[in-house]
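A structural walkthrough
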Amino acid sequence: MRIVVASTPDAVAAEAARLVLDRVRQRPDLVLGLATGLTMVPFYRALLVRKAREHVSFDGLRIFALDEYRGGRPEQPGSCRGFLERHVLQQLDVPSGQIHLLDGLAPDAEAECARYEELMARTGGIDVQILGIGGNGHIGFNEPGSSLESRTRLAPLSQATRQANARQWGGDPQAVPSEALTMGIGTILSARTCLLLAFGAGKAAAVQSAIEGPVTASVPASALQRHSDTVFLLDEEAAARLSRRE
Ligand code: F6R
């Protein structure tokens, strides 16, 4: 595991964008897993700016979304699909047939998750997975207590996560769906490279537990200690509790 600390969220986002673009240049048909959430806003901004400046084509890329709220309609600003479309997908030259999203409205969630796992496997697996982290240590929507071997599935969202994400659902935690379809922790660990971004003091405790604590289902992000190519990209506030930075 590698830890990169930069002074501001924008500096972290720029470094993450640089890493992704380097990988796309090496492998134009890269399979990229994308997350949503406030952390991703400066990252997608930096990615789009740098991509344009450096004339990197994304037309060979394959994209998979990390998760989706159960019942989240695409036109709802809080839905992962809506978020990704607004912040990154509409501005990218990735053909729509190469963009794969979980359908939060699928009548059979289990079948939808199985379809997604199968599609990822057929595509050759995720090369680079972008991740944020919840204040409770979740990755994707794998809340504390999730099996470290879990695959894509329907999972319950904790009250803490519904509260934290309420701002994207009109401010009301009850308006946030109570379940989500999410790549499992095992699915995430199957990605060849994981890039986890975290900003702000509110993430410092989760970041410290993930990096320096025991590997435990109580802190899903701690599973990344078992992954051979993970980079934590942190601003100073998110890194504040770490006793080591390398
Ligand atoms: C969203 C996701 C979540 C977020 C996490 C942090 O697709 O997978 O794990 O990355 O909840 O969210 P923000 O960035 O809003 O603090």
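Preceding this paragraph is the structure being described.
Here goes a summary of the coordinates provided.

Rules behind the numbers
Residue positions are given per chain, counting from 1 as you read along its sequence in written order. Totals for whole chains, interfaces and linings use all residues, but because this is a predicted model, local features are given only for residues with pLDDT of at least 70 and pairs of side-chain atoms are given and counted only at 80 or more. Hydrogens and water molecules were not included; the side-chain quantities draw on all heavy atoms of the structure. Secondary structure elements follow DSSP: runs of H or I no shorter than four residues count as helices, runs of E no shorter than two count as strands, and numbering proceeds from the N terminus. In this treatment the radius of gyration is a C-alpha quantity, and the globule benchmark scales as 2.2 Å times the residue count to the 0.38 power. Each residue is assigned to one of three classes by its accessible area relative to the maximum for its type, calculated with a 1.4 Å probe on protein chains only: buried under 20%, partly exposed between the two thresholds, exposed over 50%. What sets the accessible areas is the Shrake-Rupley method with a 1.4 Å probe; for residues, cover comes only from the shown protein chains. Charge counting treats Lys and Arg as positive and Asp and Glu as negative, with His and both chain ends excluded. The location of each charge is read from NZ of Lys, CZ of Arg, CG of Asp or CD of Glu. Consider each residue's heavy atoms; a residue with any of them within 4 Å of a molecule or strand counts as near. Nitrogen and oxygen atoms within 3.5 Å of one another constitute a polar contact, given that in protein one can donate a hydrogen and the other can accept it, and given that sequence-neighbouring residues count only through two side-chain atoms. Residues are sorted three ways: Asp, Glu, Lys and Arg are charged, Ala, Val, Leu, Ile, Met, Phe, Trp, Tyr, Cys and Pro are nonpolar, and all the rest, Gly among them, are polar. What makes a salt bridge here is a side-chain nitrogen of Lys or Arg within 4 Å of a carboxyl oxygen of Asp or Glu, nothing more. Residues grouped as a nonpolar core are buried Ala, Val, Leu, Ile, Met, Phe, Trp, Tyr and Cys residues, joined through side-chain atoms within 4.5 Å. The criterion used for residue contact is that any of the two residues' heavy atoms lie within 4.5 Å.

A word on the overall build of the protein chain. Helix and strand counts for the protein chain come out as 7 helices and 10 strands. A compact globule built from 246 residues should have a C-alpha radius of gyration of about 18 Å, and the protein chain, at 17 Å, falls within 12% of that. Taken along the three principal axes of its C-alpha coordinates, the protein chain extends 45 × 45 × 35 Å. Burial statistics for the protein chain: of 246 residues in total, 56% are counted as buried. Within the structure as shown, the protein chain displays about 10,000 Å² of accessible surface, and the carbon and sulfur contribution to it stands at 51%. In the protein chain, which carries 26 positive and 28 negative side-chain charges, the distance between the mean positions of the two groups comes to 3 Å.

The next point concerns the site of the ligand. The environment of the ligand is made up of 14 residues, and the closest members are Thr39, Asp67, His138, Gly140 and Lys203. For the ligand, an oxygen atom lies 2.9 Å from a polar atom in the backbone of leucine 38. Measuring from an oxygen atom of the ligand, one finds a side-chain N or O atom of histidine 138 at 2.6 Å. Out of a free accessible area of 410 Å², the ligand has 94% covered by protein chains. Each residue belonging to the shell around the ligand can be placed in one class, and the counts come to 4 nonpolar, 7 polar and 3 charged.

Attention now goes to the pattern of salt bridges. Applying the stated criterion to the full structure yields 15 salt bridges. In this structure, aspartate 22 engages arginine 18 in a salt bridge whose closest nitrogen and oxygen atoms are separated by 3.1 Å. Residue aspartate 22 and its partner arginine 18 are located together in helix α1 (residues 9-26), separated by 4 residues, close to a single helical turn. The partner of glutamate 118 in a salt bridge is arginine 122, and the shortest N-O contact between them spans 3.4 Å. With glutamate 118 and arginine 122 both in helix α4 (residues 109-123) and 4 residues apart, this pair spans about one turn of that helix. With relative accessibility at 60%, the residue arginine 122 sits in the exposed group. Salt bridges here are not isolated pairs; linked through shared partners, they connect Glu15, Arg18, Asp22, Arg25, Arg50 and Glu54.

Before going further, it helps to spend a moment on the nonpolar core. Among the nonpolar cores identified, the biggest contains 72 residues, and Phe43, Ile130 and Leu234 are the most heavily contacted of them. Broken down by element, the residue count for this core peaks at 8 residues, all from α1. Ignoring any residue separated from it by four or fewer positions in sequence, one finds phenylalanine 43 in contact with Ala13, Ala16, Ala17, Val20, Ile130 and Leu197. The next biggest cluster of nonpolar side chains, apart from the first, holds 8 residues, and it includes Tyr69, Phe141, Trp169 and Val176.

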